[in-house]
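Single-letter residue listing:
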Amino acid sequence: MNKSFRCSNRIYRAFLTTQSQPLLTSPVPTQENITRLILEQKSATQALQTFRWASNIRNFTHNQSTYRALIRMLCNFRRFDCVHHLLDEMPSSIGSTPDEDIFVTIVRGLGRTGMIKQVIKIPELVSKFEKKPTLKLYNSILDVLVKEDIDIAREFYRIKMMGNGIHGDDYTYGILMKGLCLTNRIGDGFKLLQVMKTRGITPNTVIYNTLIHALCKNGKVGRARSLMRDLVEPSDVTFNILISAYCGEGSLVQALVMLEKSFNKGYIPDVITVTKVVGLLCNNGRVSEAVELLERVEERGGIVDVVAYNTLINGFCRLGKVKVGCRLLKEMELKGCMPNADTYNGLISGLCDSKIFDLALEMFNEMKRVGINWNFVTYDTLIHGLCSGGRVENGLKILEVMKNDKRVSAFHISPYNGVIYGFYKENRLEESLAFIRKMENLFPRAVDRSMRILDFCENGNIGEARRIYDQMVGEGVMPSSLVYSNLVSGYCSKGCIKGAFELMNEMIGRGYLPVASTLNDVIILLCKQGKVGKASKLMEDIKGRGCLLDSGSYGPFIDVFCSRGDFHRAYMFFLQMVEKDEALFGDLSFDGKDKKSTYCWGFWTGCTELGCCTLPPGYGYGYGPKTGSYETVKGLIPLVLEFVTLPDFILADQLTSQDQAIQSLQFYVSTMYGATSKQDQIHVKTAIFIRSYTYLLQLFPFGLGLFSVFNAYLKRRIRCKGLNSLKYFIVAR
């Protein structure tokens, strides 16, 4: 009795707290008070106690609402045995049988627990109270069955509903359509659509949208758009579905067409759809149109959230317009859209990509000032950006800040790999190895595997190194750039180009660009195997990604083309190498002691012996594209008395190879001279001029070539050079 009394007092006090009016004016609780009180209980037992307590209150009677509240609580706690007792007592307690809402509550309760067989028997339970199941009840049962098994739902519809003469309404068919589309039975969905039309039921917009969504989900966007034409009045949901589908396919034009139709209908796409269109525009480099789209949505009263702005900011950053992104940050704040960590992370990433590291650090500090917490992405992005941009010391400082930040776990290896990548790009290999050893306390397994891989690569055991690498990746540990570099070089030393390419692709995919030495190993191997075209494509692709090349990247191409006798293509790569390394001519000596001079000497020997070299426009006659002057021409005459260098050889052969052009110039000048003379003096003066001009023009280039090559013979006693000078002497004569 004491326990029952305490429970009653507790319930009564709870009732007093729910009163909207003073107790004196409302001494007896209403059915709404008790209904709310029952639903607030934390267990089925407490709900039953509250119900029984209310039954003992003088002048209070339960109704359908209080019974329904109690049955709902019992179903939530799977007390279905008590539910049946309550149904049986209702006729005697309140003088009426359970209404359809109570049975619908039971159906939903059974459906949440997966008791499908009991759900199907509900119409029989209704008949027990001498009542006929309503269409609403059948639809609720059908809705539960569709979520469980569409075949059971279709059988229930045919046998239980149609068998009892209930064909259903548009809501019934909408439930069936949802079930068919969830299981990708689109063909059956179209059949159901036709059945509705034959029975005189006009499919509503929800049914069409369900089928349109299923078509789009299965990649049949064109068929979905055709189906939309059957709609008398498409809804905003219809346009959202189609616009999102076109964005998923990358069909920007179609998405924009549907978006314009949506605006013309007076509909404003939801923020998710707008964000998808903004993202697609940014991916196609049309960020200005994305800005206009957001402005149009805002003008029409649509919602533009921080995700949409972040998408736009990231679009500007990818195009290198990071300062525009910073301005957008201020604009969204003025419009009341507060930025989040993702906003700043995108800007920091863009600033690092644009090499504006000081502003990136300032943005990092600004996050703290405005009350936005740094997260792991913030640290990882900034550390990787700083280290890859040559600011390793700054990256190490940010790493220390991350270690002291208790909100961020320090047990993520990605920022540490970013530091290693910075050392690797600057060829500070000893420091990178020392840093890896310092990581041993935090990442003992990763460090152990990395050091073993490096040792195996150094000893030439690439198979064992690859096995350990596969273990690392299988465990979800991201290898460092140093590991990738050694594996790639190891595969190249073994002549396995497939393994080298595979690992280089993985390396680039993880954001680590190979340095020139790593890339050169792959290029050399490809050229040795005769795959020069593939090597050239690789070099162009890596160069386009921002990888810095050196003269050794071009040397293998020059070597291969010279060995093939294709000196024109060799010269093209030679010029690219010269552009890359401007100090080439300054310190080049043909002693064969370094690769650079060896490649140049091999290239030059072949070109001069065969006379195949032709300079492209902008490089002939000693013209410097950067200086805009003709230094080689001006210094040509004194150089013929000294041992000539490679540029002078190139110039001499180029001048002699232009004999035909010189003769054309001679003819042009002679003609113009004759045309301006008096008629009676034409023959005499023209003849004298032509003879003099011809000797001068022929003597200059060939004489220059003769002295240059013969001087090389005198200085170095290279017999082939002495013989080579004869050709200039013969032609000059």
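Structure first, text after, so check above.
The paragraphs below set out a description of the structure included in this document. Treat the numbers as computed from the prediction; the structure is a model and nothing was measured.

Looking only at helices and strands, one finds 42 helices and zero strands in the chain. Burial status across the chain gives 46% buried among its 733 residues. If you take every contact in the chain between residues at least 6 apart in sequence, the share linking residues at least 24 apart comes to 60%. Summing over all exposed atoms, the chain offers an accessible surface of approximately 37,600 Å²; the carbon and sulfur share of this is 54%.

Looking at the secondary structure, you find threonine 105 in helix α6 (residues 100-112). On the basis of relative accessible area, threonine 105 is assigned to the buried category, the value being 15%. Not counting residues within four places of it along the chain, the set of residues in contact with threonine 105 comprises Arg68, Arg72 and Cys75.

With that settled, the discussion passes to the packing of helix α31 (residues 516-528) against helix α33 (residues 551-564). Packed helix pairs are specified by the crossing angle of their axes together with the interaxial distance, meaning the distance between the axes. In the contact formed by α31 and α33, the axes pass within 8 Å of each other and the chain directions differ by 10 degrees. With respect to α33, the element α31 is oriented roughly parallel. The segment α31 lies against α33, with Ala516, Asn520, Ile523, Ile524 and Cys527 engaging Gly552, Ser553, Pro556, Phe557 and Val560. Classifying every residue of the contact of α31 with α33 by side-chain character gives seven nonpolar, three polar and no charged.

This brings us to the environment of methionine 367. With respect to the element layout, methionine 367 can be found in helix α22 (residues 357-369). On a C-alpha basis, the gap between methionine 367 and asparagine 340 in space is 9.0 Å, while along the polypeptide they are 27 residues apart.

Bringing the side chain of threonine 273 into the picture now. Mapped onto the elements, threonine 273 comes out in helix α17 (residues 271-283). The exposure class assigned to threonine 273 is buried, which follows from its relative accessible area of 2%. Residues in contact with threonine 273, not counting those within four places in the same chain, are Asn240, Ile243 and Ser244.

Definitions and cut-offs
- Residues numbered from 1 in each chain as written.
- Predicted model: local features only at pLDDT ≥ 70, side-chain atom pairs only at ≥ 80, totals over all residues.
- Heavy atoms only, no water.
- Helix = DSSP H or I, 4+ residues; strand = E, 2+ residues; numbered from the N terminus.
- Buried < 20%, exposed > 50% of the residue type's maximum accessible area, 1.4 Å probe, protein only.
- Contact = heavy atoms within 4.5 Å.
- Areas by Shrake-Rupley, 256 points an atom, 1.4 Å probe, with all protein chains shown as cover.
- Axes fitted to C-alpha atoms, helices over the stretch in contact; angles between N-to-C directions.
- Parallel < 35°, antiparallel > 145°, perpendicular 65-115°, else oblique.
- Nonpolar A, V, L, I, M, F, W, Y, C, P; charged D, E, K, R; others polar.

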